[in-house]
Amino acid sequence: MFPLKLVILFLFLMKDLALVDKKEIALIERVSAVFLEKGMKRVTMDDVAKELSVSKKTLYKYVKNRKELVMKSTFFHVQRDQLKVKEIQGKNLNPIIENHELAKFVIETISNVSPCVHYDLENYFPESWELLNGYFRGFVFESLHTNLLRGQKEGVYRSDFNAEIIAKVFANKIDMIFDAELFPTEIFNFKDVYLEYLHYHLRAIVSEESLSMLKKLDFKKL
C-alpha cells in the first residue's frame, strides 16, 4: 500500500503530459540523463545547473528542491519507458521477438546507468524509489502478464505455468539487476546480469516448438 502523500503526488504527476510545459519536459529529461549517469545523492542543484548550462533560477522555476527534481526525473523516465514499451507491443510481434525488441531497448537504457542509482534511490529518495517500484509492480507486471498469456495462447510458451505468478516474480525481482551490492560493478556488468536473467526466464517458459527460435535469436549476444 502506497503512503497517501505518495498517491497524491503520483496523481499530480500523472496529469496529461500534453498540458505540461515542453521546456519543462526537455529540462527534466536532461536532468534524468545526468542522474542516471552520476547518481542522485552526490549531485547538487548547483551540479545539475552547471551540467545543463542553466541557472539555478531556471531549475527552481519547475521544482522546489532536489527531492522534487529526483521525483519528476523518475516520473518522466518511467513515462518514456512506457511509451516505448507500448510502441513495441503495438507491433503485435511474436511474443519471443517482442521480448527481443524490448531487451534491445532496455540495454540502450541501462548502458549508462551509474551503479549508485539503485542505492541512492532506495536509501535517500524513498518516494521516488516507491514510484519506480510501483512502475515495476504495475505497468511492467501487466506488460509481462499480457505477453505470457498471448505466448501461451499462440503455443510459443508452455501452457503448464501460471502466467500471473511468473509475471509477478519477474517484475518484482528485476530491480535486483541494478543492485551494486549484490552484483559489484568491478565483477559484473548490468547488461550481462540483465541478459542472464532474461534468458533464464525465457528458457524456462518457451515451448519445445519455439526453443529453436530462442536459440537463433541468442539474447546473450544483444
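Whatever comes next refers back to the structure up there.
Note that the coordinates shown come from a computational prediction; the quantities given were computed from them, not determined experimentally.

Here's the deal with the overall build of the protein
Okay, step 1: Scanning the protein from N- to C-terminus turns up 11 helices and zero strands.
Okay, step 2: Each helix and strand of the protein, ordered N terminal to C terminal, gives the series α-α-α-α-α-α-α-α-α-α-α.
Okay, step 3: Taken over the C-alpha atoms alone, the protein extends approximately 60 × 40 × 30 Å along its principal axes.
Okay, step 4: Within the span of the protein, comprising 222 residues, buried residues form 47% of the whole.
Okay, step 5: For the protein, the share of sequence-separated contacts (at least 6 apart) that also reach a separation of at least 24 residues comes to 71%.
Okay, step 6: Surface accessibility of the protein: about 12600 Å² in total, with carbon and sulfur atoms responsible for 56%.
Okay, step 7: Of the charged side chains in the protein, 33 are positive and 31 negative, and the gap between their average positions amounts to 4 Å.

Here's the deal with unusual backbone geometry
Okay, step 1: Even without being a glycine, Asn92 presents a positive backbone phi close to 55°.
Okay, step 2: Relative to the assigned elements, Asn92 resides in the loop between α5 (66-89) and α6 (95-110).
Okay, step 3: When its relative accessible area of 57% is taken as the criterion, Asn92 is described as exposed.
Okay, step 4: With a phi angle near 45°, Asp218 is a residue other than glycine that sits in the positive phi range.

A short note on the nonpolar core
Okay, step 1: Counting residues in hydrophobic clusters, the biggest one holds 67 residues, and the most contacted among them are Phe35, Val48, Leu69, Leu121, Tyr157 and Tyr194.
Okay, step 2: Among the elements that take part in this core, helix α8 (residues 126-153) stands out by supplying 10 residues, more than any other.
Okay, step 3: If near-sequence neighbours (up to four positions away) are discounted, Phe35 is found in contact with Met40, Val43, Val48, Leu69, Val70, Ser73 and Val117.

Describing the packing of aromatic side chains
Okay, step 1: Following the criterion strictly, the structure yields seven aromatic pairs and no others.
Okay, step 2: Geometrically, the ring pair formed by Phe75 and Phe76 is edge-to-face, given 5.6 Å between the ring centres and 75° between the ring planes. Summarising the burial analysis for this pair, Phe75 and Phe76 share the class buried.
Okay, step 3: Cluster of aromatic residues (ring-pair linked, three or more members): Tyr135, Phe136 and Phe139.
Okay, step 4: The aromatic ring of Tyr124 is capped on one face by Lys41, whose charged end is 4.4 Å from the ring centroid.
Okay, step 5: Here the guanidinium or amino end of Lys168 rests over the ring plane of Phe141, the centre of that ring lying 4.7 Å away.

Details of the side chain of Ser210
Okay, step 1: Here Ser210 shows up in the loop between α10 (190-205) and α11 (211-217).
Okay, step 2: Residue classification places Ser210 among the buried positions, given a relative accessible area of 9%.
Okay, step 3: A distance of 3.2 Å separates a polar side-chain atom of Ser210 from the backbone oxygen of Val156.
Okay, step 4: Setting aside chain neighbours within four positions, we find Ser210 in contact with Ile96, Gly155 and Val156.

Observations regarding the pattern of salt bridges
Two side chains carrying opposite charge are able to pair once their charged atoms lie near each other.
Okay, step 1: Overall, the coordinates contain 12 salt bridges when judged by the stated rule.
Okay, step 2: For Glu24, the salt bridge goes to Lys72, with nearest N and O atoms at 2.6 Å. A residue pair is termed long-range when its members are at least 10 positions apart, and Glu24 in helix α2 (residues 22-38) and Lys72 in helix α5 qualify at 48 residues. In this pair, the class of Glu24 matches that of Lys72, namely buried.
Okay, step 3: Across the pair Asp46 and Lys56 runs a salt bridge whose closest N-O atoms are separated by 3.2 Å.

Comments concerning the side chain of Ser128
Okay, step 1: With respect to the helices, strands and loops of the structure, Ser128 is situated in helix α8.
Okay, step 2: By relative accessible area, Ser128 is classed as buried at 2%.

A word on the packing of α2 against α5
Okay, step 1: At a closest axis distance of 9 Å, the pairing of α2 and α5 adopts a crossing angle of 95°. In terms of their interaxial angle, α2 and α5 are classed as roughly perpendicular. On α5, the residues touching Glu24, Ile25, Ile28, Val31, Ser32, Phe35 and Leu36 of α2 are Leu69, Val70, Lys72, Ser73, Phe76 and His77.
Okay, step 2: Within the contact of α2 with α5, the residues separate by chemical class into eight nonpolar, three polar and two charged.

Calculation rules
Residues numbered from 1 in each chain as written. Predicted model: local features only at pLDDT ≥ 70, side-chain atom pairs only at ≥ 80, totals over all residues. Heavy atoms only, no water. Helix = DSSP H or I, 4+ residues; strand = E, 2+ residues; numbered from the N terminus. Buried < 20%, exposed > 50% of the residue type's maximum accessible area, 1.4 Å probe, protein only. Contact = heavy atoms within 4.5 Å. Areas by Shrake-Rupley, 256 points an atom, 1.4 Å probe, with all protein chains shown as cover. Lys, Arg positive; Asp, Glu negative; His and termini not counted. Charge placed at Lys NZ, Arg CZ, Asp CG, Glu CD. Core = buried A, V, L, I, M, F, W, Y, C linked by side-chain atoms within 4.5 Å. Phe/Tyr/Trp six-rings, centres within 6.5 Å; stacked < 30°, edge-to-face > 60°. Lys NZ or Arg CZ within 6 Å of the ring centre and 35° of its normal. Polar contact = N/O pair within 3.5 Å; in protein donor to acceptor, adjacent residues only side chain to side chain. Salt bridge = Lys/Arg side-chain N within 4 Å of Asp/Glu carboxyl O. Axes fitted to C-alpha atoms, helices over the stretch in contact; angles between N-to-C directions. Parallel < 35°, antiparallel > 145°, perpendicular 65-115°, else oblique. Nonpolar A, V, L, I, M, F, W, Y, C, P; charged D, E, K, R; others polar.

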